[in-house]
Amino acid sequence: METTTYYGHGDAAERWERAGLFFDAKDYTAAAKVLSSLVEEVPEQTGPRLLLARAYYHSAQLRRAEDELKVLVERDPVEHYARLLLGRTLQRQGRDDEAGPHLRLASALAGSFDEL
């Protein structure tokens, strides 16, 4: 129970900073623990949800990453980084057919038409 208290300790700004420190230290699982409660608290904010998705991706929690990224692209269809990461997340799960459209759209949104 103490670990939950530690990860959830402090206000939103303190937890955001702590999550960034964990992420920068490549402790993606700890970053995700901090970020998951932060995303519940401020679900409308893109930054915490995107960092949570990245933490899930890097800690091989691919289904969780996919779920967070789908929320982001549904909310903002032209968020190219979320599209790119969703495509890569689907690729890592062996779902290349599903990944393709996201990767192509991310490429187009970023202005990288050479892959199209």
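Look a little higher up for the structure.
Residues numbered from 1 in each chain as written. Predicted model: local features only at pLDDT ≥ 70, side-chain atom pairs only at ≥ 80, totals over all residues. Heavy atoms only, no water.

Asker: Could you give an account of the overall build of the protein chain, naming the residues involved and the relevant values?
Answerer: Per the secondary structure count, the protein chain includes seven helices and zero strands. Counting from the amino terminus, helix and strand elements in the protein chain follow one another as α-α-α-α-α-α-α. Taken against the 2.2 N^0.38 rule, which gives 13 Å for 116 residues, the C-alpha radius of gyration of the protein chain at 15 Å falls within 12% of a compact globule. C-alpha atoms of the protein chain, sized along the principal axes, occupy 50 × 25 × 20 Å. By the burial criterion, 40% of the 116 residues in the protein chain qualify as buried. Considering only residue pairs separated by 6 or more positions, the protein chain has 39% of its internal contacts joining residues 24 or more positions apart. In the structure as shown, the protein chain presents an accessible area of about 6800 Å², 50% of it carried by carbon and sulfur atoms. Taking the average place of the 15 positive charges on the side chains of the protein chain and the average place of its 20 negative ones, the gap between the two points comes to 4 Å. (Helix = DSSP H or I, 4+ residues; strand = E, 2+ residues; numbered from the N terminus. Rg over C-alpha atoms; globule rule 2.2 N^0.38 Å. Buried < 20%, exposed > 50% of the residue type's maximum accessible area, 1.4 Å probe, protein only. Contact = heavy atoms within 4.5 Å. Areas by Shrake-Rupley, 256 points an atom, 1.4 Å probe, with all protein chains shown as cover. Lys, Arg positive; Asp, Glu negative; His and termini not counted. Charge placed at Lys NZ, Arg CZ, Asp CG, Glu CD.)

Asker: Please set out the nonpolar core residue by residue, giving values where relevant.
Answerer: Ranked by size, the top nonpolar core spans 31 residues in total, and within it L35 and L69 carry the most contacts. Counting residues per element, the ones that place at least two in this core are α2 (12-24), α3 (28-41), α4 (46-58), α5 (62-75), α6 (80-92) and α7 (96-109). At eight residues, the largest contribution of residues to this core is made by α3. (Core = buried A, V, L, I, M, F, W, Y, C linked by side-chain atoms within 4.5 Å.)

Asker: Quick one: what's the story with the packing of aromatic side chains, residue by residue and with numbers?
Answerer: Enumeration over the complete set of coordinates arrives at one aromatic pair. For the ring pair F23 and Y28, a centre distance of 5.0 Å and an interplane angle of 70° mean the geometry is edge-to-face. Classification of Y28 by relative accessible area gives buried; the value is 15%. Directly above the aromatic system of Y57 lies the positively charged group of R92, at a separation of 4.6 Å from the ring centroid. (Phe/Tyr/Trp six-rings, centres within 6.5 Å; stacked < 30°, edge-to-face > 60°. Lys NZ or Arg CZ within 6 Å of the ring centre and 35° of its normal.)

Asker: Give a description of unusual backbone geometry that names residues and reports values.
Answerer: Positive phi, close to 65°, is recorded for K26, a residue that is not glycine. In this fold, K26 is placed in the loop between α2 and α3. Its identity is not glycine, yet A60 carries a phi of approximately 60°, on the positive side. Residue position: A60 is located in the loop between α4 and α5. Given the relative accessible area of 51%, A60 is considered exposed.

Asker: Let's hear about the side chain of R18: which residues, and what values?
Answerer: The topology assignment puts R18 in helix α2. In this structure R18 is buried but unpaired, with E14 as the nearest side chain of opposite charge at 5.4 Å. Setting aside residues up to four positions removed in sequence, R18 forms contacts with Y6, Y7, H9 and V34. (Salt bridge = Lys/Arg side-chain N within 4 Å of Asp/Glu carboxyl O.)

Function cannot be inferred from these measures alone, as they are strictly geometric.
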